[in-house]
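Coordinate inspection notes
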Amino acid sequence: MFRLVAAFNGAAALLLTSFSLGIVGADTASPDLSEPLGYFLAGLGACGLAQLLVFVTQLRQARRMRLSLAPGGHLGLTLAVLAFVGGVAGFGLGCWSASGIDTSDGGQSSNTMAVYAGKLPRHPDVKKTIRRRMDVRWDRI
């Protein structure tokens, strides 16, 4: 789970960075994405810290077993779980703050246009034009 949440935070931070630099979605003006990016990066750091704490705790457990000491290390696992919760919270806060960003143009014109699909209007010369272009006889169809 640590790696999965770290991957989600890292992918979200990478996507926000590429969007704000204009690599993805270059045709639109990007809003200020520093707040959600900060949350995602904090979540990524917290997941990295959680993985490091679990690794150190496992090393200490292996050392204690090798020396035939009583098992311990509950503090390291507790801190790892708290760091993991911080990583999940960072991802959640990043998603929440990114979804609340105002993306309206604010009076600026856009270079995009809407295209509406529908039926073509019936014109009496359409069959003749299509027959000439495709060399198809309509009485066989």
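Placed above this text is the structure.
As a starting point, this report considers the structure included with it. (Residues numbered from 1 in each chain as written. Predicted model: local features only at pLDDT ≥ 70, side-chain atom pairs only at ≥ 80, totals over all residues. Heavy atoms only, no water.)

This part covers the overall build of the chain. Scanning the chain for helices and strands turns up four helices and zero strands. Taking all 141 residues of the chain together, 18% fall into the buried category. Sequence separation of 24 or more characterises 73% of the internal contacts of the chain that already satisfy a separation of 6 or more. Looking at the chain as shown, the accessible area adds up to about 11000 Å², and 64% of this sits on carbon and sulfur atoms. (Helix = DSSP H or I, 4+ residues; strand = E, 2+ residues; numbered from the N terminus. Buried < 20%, exposed > 50% of the residue type's maximum accessible area, 1.4 Å probe, protein only. Contact = heavy atoms within 4.5 Å. Areas by Shrake-Rupley, 256 points an atom, 1.4 Å probe, with all protein chains shown as cover.)

Another aspect to go through is the environment of Val56. Locating Val56 in the fold gives a position in helix α2 (residues 34–66). Sequence separation between Val56 and Leu77 is 21 residues, and the spatial gap between their C-alpha atoms is 9.5 Å.

On the surface, Leu49, Leu52, Phe55, Val56 and Leu59 cluster together into a nonpolar patch covering about 460 Å² of accessible area. Tracing the sequence through the fold places Phe55 in helix α2. Here Phe55 falls in the partly exposed class, since its relative accessible area comes to 46%. (Patch = residues over 30% accessible without salt bridge, like charges linked within 9 Å, V, L, I, M, F, W, Y side chains within 5 Å. Salt bridge = Lys/Arg side-chain N within 4 Å of Asp/Glu carboxyl O.)

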